[in-house]
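Chain residues, written in single-letter form:
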Amino acid sequence: MPMDVSDYVLQRLRQWGVETVFSYPGDGINGLVAAFGRAENEPKFVQARHEEMSAFEATGYAKFSGRVGVCLATSGPGAIHLLNGLYDAKLDHVPVVAIVGQTARSAMGGSYQQEVDLQSLFKDVASEYLVEVNVSSQLPNALDRAFRTALTRRAPTAVIIPADLQEESYEPPQHEFKHVPSSPPGRLPTVVTPARAEIERAAEVLNSGEKVAMLIGQGARDAAAEVLEVADITGAGVAKALLGKDVLPDDLSFVTGPIGLLGSRPSYELMRDCDTLLIIGSNFPYTQFMPDFDQARGVQIDLDGTLIGMRYPTEVNLVGDAKSTLRELIPLLRRQEDRSWRETVENNVSDWWRTVEQQSMLEAKPVNPMRVVWELSQCVPDNAIVTSDSGSSTNWYARCLRFRGQMRGSLSGTLATMGSGVPYAIGAKFAHPDRPVVALVGDGAMQMNGLAELLTIARYRSEWSDPRLVVCVFHNNDLNQVTWELRAMGGAPKFEESQTIPDVSYADLARCMGLGAIAVDDPADIAGAWERALAADGPTVIDVRCDPEVPPIPPHASFEQMKDTAAAILRGDPGAWHLMWQGAKTKAQEMRP
């Protein structure tokens, strides 16, 4: 039966198992939009409020589903808007396919309305695969390669389809010169195992260690059982890069939690004192938080050979997927009978969680933001998905949220872009409509784009079998992370013209959009607010007025470094004495028994 090019595109998406396309309409994709109507909205067209949000939602969907996320945008401005979300996918190694409209072929090169050189625009962000389709017989190969490349390279790809081509009749490739066919969509093999000799070398390094440390990232997610077995045999402590926070639960006594500026003290101590380092599925970039270069022998496992051995001078580099590589490695490992290193790690972890609780319960004006996440940890469901935006709230997500059970979580790890928390949560709900989702978002990110996406949540809430989606806003009227970076890294006091943002009630705005809303300005009400939101029969916004002067102190920070920050603050920072007192109180909790 004859079909238009647009009909064929949707048919091929269905064959790839695509259930959801995140988009915003425009005349550059009119043919595709009309095809959604003819296909009775299969796959489902999810209308965001902005194309950037479509790309973020596709990235969040891909992260939490394990499948390819798909976004669709019109030509010109719509295509441009996709870039930030696609760069987020690129830097975090997430498979996303962007389908983009273009000016009609007859008008190209004529400075026509909304004509942009899309090949130049996308050549970096979609560097793994970018194609413009100019005849319909290109389509099977173009679409299939976009999906296969996205899955294999864990990267965004882009397919550009001119507006006039979308409405032409589809003609498949022929068995003739200069035509390129394509095989049907199907699963791709992912098992890659290094050479036996290299695995034996890695085993020798690990067996020789007395104080083994492991650093795991998102690449270890499918190998959690094997990671646990290696940790048990070697007596290792396990630190987690931020994108790997949900790989292992935090209620394991030897899991030291996050590493780096947003990390924990036991992770800092683990790296400071180890003699052997095993890195699995992580591209954590901050070398200064790893052991000294002459301190530890190192082994790294990663599926991508181009990213291996570039963060630490590892002695053995194993290119392969984590699960199959660890399965080959485990039989060669000798059990570490001396458990004194493991006991030290466990004592450090236990002390740290007591410290975090004490820091979270400190008084603040009006609410301590650490307590907001600490109280969430006490009641969050074991199957919840938690997203975080970029900002000071990321510190509290990293340090205070204790993952357990089957919890998942993610954020914009490498690009660290503001504005991703709410669309990630929407993507998570379409990936897992039967699971509760929580987004931890600063008020700067909410004003940037989160408020608009509350309308998207309101629109699609009825389609989720578990309607709970909680957006928690850290309301402090300050672009807080940058304010602290100005103080600690720039030696400058807060500049209010750039840092202070308008005050608004996020609870009131949520109610106007038909969502549940809870306003909190008393720390005694935090636990009850979480319980109400997580028991609600629909999406809820929790608007918590937080103290902006609770410092995100790195685990390695000394009182001397805090003194230097205080000197910068006293050069004219508003509320200087309050924030110095709050910082001193917070740091002092590390000294308490």
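Residues numbered from 1 in each chain as written. Predicted model: local features only at pLDDT ≥ 70, side-chain atom pairs only at ≥ 80, totals over all residues. Heavy atoms only, no water.

- Looking at an unreviewed UniProt entry, one finds the chain named Pyruvate dehydrogenase [ubiquinone], with Nocardia otitidiscaviarum as its source organism.

## Overview of the overall build of the chain
Part 1 of the reasoning: Looking only at helices and strands, the chain features 23 helices and 18 strands.
Part 2 of the reasoning: For a compact globule of 593 residues, the expected C-alpha radius of gyration is about 25 Å, and the chain comes in at 25 Å, within 12% of that figure.
Part 3 of the reasoning: Counting all 593 residues of the chain, 58% fall into the buried class.
Part 4 of the reasoning: For the chain, the accessible surface area stands at approximately 23,300 Å², while carbon and sulfur atoms represent 51% of it.
Part 5 of the reasoning: Within the chain, the 76 negative side-chain charges are centred at a point lying 3 Å from the centre of the 54 positive side-chain charges. (Helix = DSSP H or I, 4+ residues; strand = E, 2+ residues; numbered from the N terminus. Rg over C-alpha atoms; globule rule 2.2 N^0.38 Å. Buried < 20%, exposed > 50% of the residue type's maximum accessible area, 1.4 Å probe, protein only. Areas by Shrake-Rupley, 256 points an atom, 1.4 Å probe, with all protein chains shown as cover. Lys, Arg positive; Asp, Glu negative; His and termini not counted. Charge placed at Lys NZ, Arg CZ, Asp CG, Glu CD.)

## Here's the deal with the packing of aromatic side chains
Part 1 of the reasoning: As enumerated under the stated definition, the model contains eleven aromatic pairs in all.
Part 2 of the reasoning: Where Phe284 meets Tyr286, the ring centres are 5.6 Å apart and the plane angle is 75°; that geometry is what we call edge-to-face.
Part 3 of the reasoning: Tyr286 gets classed as partly exposed once you look at its relative accessible area, which sits at 42%.
Part 4 of the reasoning: Arranged with centres 6.2 Å apart and planes meeting at 85°, the rings of Tyr397 and Phe403 form a pair that is edge-to-face. You'll find Tyr397 and Phe403 in the same group, each marked buried.
Part 5 of the reasoning: Taken together, the ring pairs connect Phe22, Tyr61, Phe430, Tyr460 and Trp464 into an aromatic cluster.
Part 6 of the reasoning: Directly above the ring of Tyr397 sits Lys245, whose terminal nitrogen or CZ lies 5.8 Å from the centroid.
Part 7 of the reasoning: The ring of Trp353 has Arg402 lying over it, and the distance from NZ or CZ to the ring centre is 4.1 Å. (Phe/Tyr/Trp six-rings, centres within 6.5 Å; stacked < 30°, edge-to-face > 60°. Lys NZ or Arg CZ within 6 Å of the ring centre and 35° of its normal.)

## Quick notes on the nonpolar core
Part 1 of the reasoning: Grouped together as the largest cluster of nonpolar side chains are 55 residues, with contacts concentrated most on Leu215, Val372, Leu440 and Trp530.
Part 2 of the reasoning: If one sorts the elements of this core by residue count, helix H13 (residues 340–360) sits on top with six residues.
Part 3 of the reasoning: Taken together, domain 2 (196–347) and domain 3 (362–590) each give at least three residues to this core, which thus spans both.
Part 4 of the reasoning: With sequence-adjacent residues up to four places away left out, Leu215 is seen in contact with Ala239, Lys240, Ala241, Ile259, Met271, Leu277, Leu278, Ile279, Ile280, Ser282, Phe284 and Met290.
Part 5 of the reasoning: With 51 residues, the next largest nonpolar core counts Val100, Phe122, Ala445 and Val541 among its residues. (Core = buried A, V, L, I, M, F, W, Y, C linked by side-chain atoms within 4.5 Å. Domains from an automatic or database assignment. Contact = heavy atoms within 4.5 Å.)

## Some words on the side chain of Asp389
Part 1 of the reasoning: Structurally, the position occupied by Asp389 is in the loop between strand E13 (385–388) and helix H15 (392–400).
Part 2 of the reasoning: A distance of 2.8 Å separates a polar atom in the side chain of Asp389 from the backbone nitrogen of Gly419.
Part 3 of the reasoning: Polar side-chain contacts of Asp389 include one of 2.8 Å to the backbone nitrogen of Gly421.
Part 4 of the reasoning: In this structure Asp389 touches Thr394, Thr417, Met418, Gly419, Ser420, Gly421, Val422, Leu440, Val441 and Ala445, once residues within four positions along its chain are discounted. (Polar contact = N/O pair within 3.5 Å; in protein donor to acceptor, adjacent residues only side chain to side chain.)

## Quick word on the UniProt feature "domain: Thiamine pyrophosphate enzyme N-terminal TPP-binding" (unreviewed entry) in the chain
Part 1 of the reasoning: Under the UniProt annotation, the feature "domain: Thiamine pyrophosphate enzyme N-terminal TPP-binding" (unreviewed entry) is placed at residues 3–120.
Part 2 of the reasoning: Secondary structure within residues 3–120 divides into 44% helix and 17% strand; the distance between the first and last C-alpha atoms comes to 31 Å. (UniProt positions renumbered as here; feature names shortened; annotations may be inferred.)

## What to know about the domain arrangement of the chain
Part 1 of the reasoning: As far as domains go, the chain holds domain 1 (5–167), domain 2 (196–347) and domain 3 (362–590).
Part 2 of the reasoning: Using C-alpha coordinates to define each centre, domain 2 is positioned 30 Å away from domain 3.
Part 3 of the reasoning: Counting from both sides, the interface comprises 17 residues of domain 2 and, opposite them, 22 residues of domain 3.
Part 4 of the reasoning: Buried area between domain 2 and domain 3, both sides added, is near 1,700 Å², and the carbon and sulfur share of it is 59%.
Part 5 of the reasoning: Broken down residue by residue, the surface that domain 2 buries against domain 3 is led by Lys245, Asp246 and Leu262, which jointly contribute 31%. (Buried area = accessible area lost by both parts, 1.4 Å probe.)

## Description of the environment of Val125
Part 1 of the reasoning: Its place among the elements puts Val125 in the loop between helix H6 (118–122) and strand E5 (130–132).
Part 2 of the reasoning: Residue classification places Val125 among the buried positions, given a relative accessible area of 1%.
Part 3 of the reasoning: It is 27 Å that separates the C-alpha atoms of Val125 and His432, two residues lying 307 residues apart in sequence.

## As for helix H9 (residues 196–208)
Part 1 of the reasoning: The terminal C-alpha atoms of H9 lie 19 Å apart, and with 13 residues this matches the ideal 18 Å at 1.5 Å per residue to within 8%.
Part 2 of the reasoning: Within the span of H9, buried status applies to Ile199, Ala202, Ala203, Val205, Leu206 and Asn207.
Part 3 of the reasoning: Summarising the contacts, the buried residues of H9 are in contact with strand E7 (212–216), strand E10 (276–280), strand E11 (297–302), strand E12 (316–319) and helix H12 (322–329). (Expected span 1.5 Å × (residues − 1).)

## Quick notes on the UniProt feature "domain: Thiamine pyrophosphate enzyme central" (unreviewed entry) in the chain
Part 1 of the reasoning: The feature "domain: Thiamine pyrophosphate enzyme central" (unreviewed entry), as given by UniProt, occupies residues 199–329 in the numbering adopted here.
Part 2 of the reasoning: Within residues 199–329, the helical portion is 29% and the strand portion 21%, while the C-alpha atoms at the span's ends are 6 Å from each other.

## A few points about the environment of Ile457
Part 1 of the reasoning: Along the polypeptide, Ile457 turns up in helix H17 (residues 443–460).
Part 2 of the reasoning: By relative accessible area, which is 1% here, Ile457 ends up buried.
Part 3 of the reasoning: Sequence spacing of Ile457 and Ser54 is 403 residues, and the spatial spacing of their C-alpha atoms is 13 Å.

## A look at the pairing of strand E18 (residues 540–545)
Part 1 of the reasoning: Along E18, five of the six residues are buried, which leaves the element largely enclosed by surrounding structure.
Part 2 of the reasoning: Two strands pair when backbone bridges link them, and strand E17 (residues 516–520) and E18 are joined in this way by five bridges, in the parallel orientation. From the neighbouring strand, Gly516 faces E18, where its bridge partner is Thr540. (Pairing = 2+ DSSP bridges.)

## Points about the sheet that holds strand E16 (residues 469–475)
Part 1 of the reasoning: Read from one edge to the other, the open sheet built from six strands follows the order E14-E13-E15-E16-E18-E17, with strand pairing classed as parallel. Of all strands in the sheet, those with a lone pairing partner are strand E14 (408–410) and E17, marking the two edges. Taken over all neighbouring pairs, the strand axes of this sheet differ in orientation by 15° on average, direction set aside.
Part 2 of the reasoning: Of the strands in this sheet, E13 and E14 touch helix H3 (residues 51–65), which is tilted by about 145° from E14.
Part 3 of the reasoning: Of the strands in this sheet, strand E15 (437–442), E16 and E18 are in contact with helix H14 (residues 369–379), which crosses E16 at around 160°. (Axes fitted to C-alpha atoms, helices over the stretch in contact; angles between N-to-C directions.)

## Let's talk about the sheet that holds E11
Part 1 of the reasoning: Spatially, the six strands line up as an open sheet ordered E9-E8-E7-E10-E11-E12, and their pairing is parallel. The open sheet terminates on both sides in strands that have one partner only, identified here as strand E9 (255–258) and E12. Adjacent strand axes in the sheet meet at a mean angle of 15°, parallel and antiparallel pairs treated alike.
Part 2 of the reasoning: Summarising the sheet, E11 and E12 pair through four bridges and their orientation is parallel. In the strand pairing of E12, Val299 is matched with Val316.

## Describing the pattern of salt bridges
Part 1 of the reasoning: Summed over all chains, the structure comprises 30 salt bridges.
Part 2 of the reasoning: The residue Arg327 makes a salt bridge to Glu226 at a minimum N-O spacing of 3.2 Å. With Arg327 in helix H12 and Glu226 in helix H10 (residues 224–234), this pair connects stretches of sequence that are 101 residues apart.
Part 3 of the reasoning: Between Asp503 and Arg545 there is a salt bridge whose closest N-O contact spans 3.4 Å. Taken together, the residues Asp503 in the loop between helix H19 (496–499) and helix H20 (506–512) and Arg545 in strand E18 connect sequence positions 42 residues apart.
Part 4 of the reasoning: Classification of Arg545 as partly exposed rests on a relative accessible area of 32%.
Part 5 of the reasoning: The network of salt bridges with shared partners includes Asp4, Asp7 and Arg38. (Salt bridge = Lys/Arg side-chain N within 4 Å of Asp/Glu carboxyl O.)

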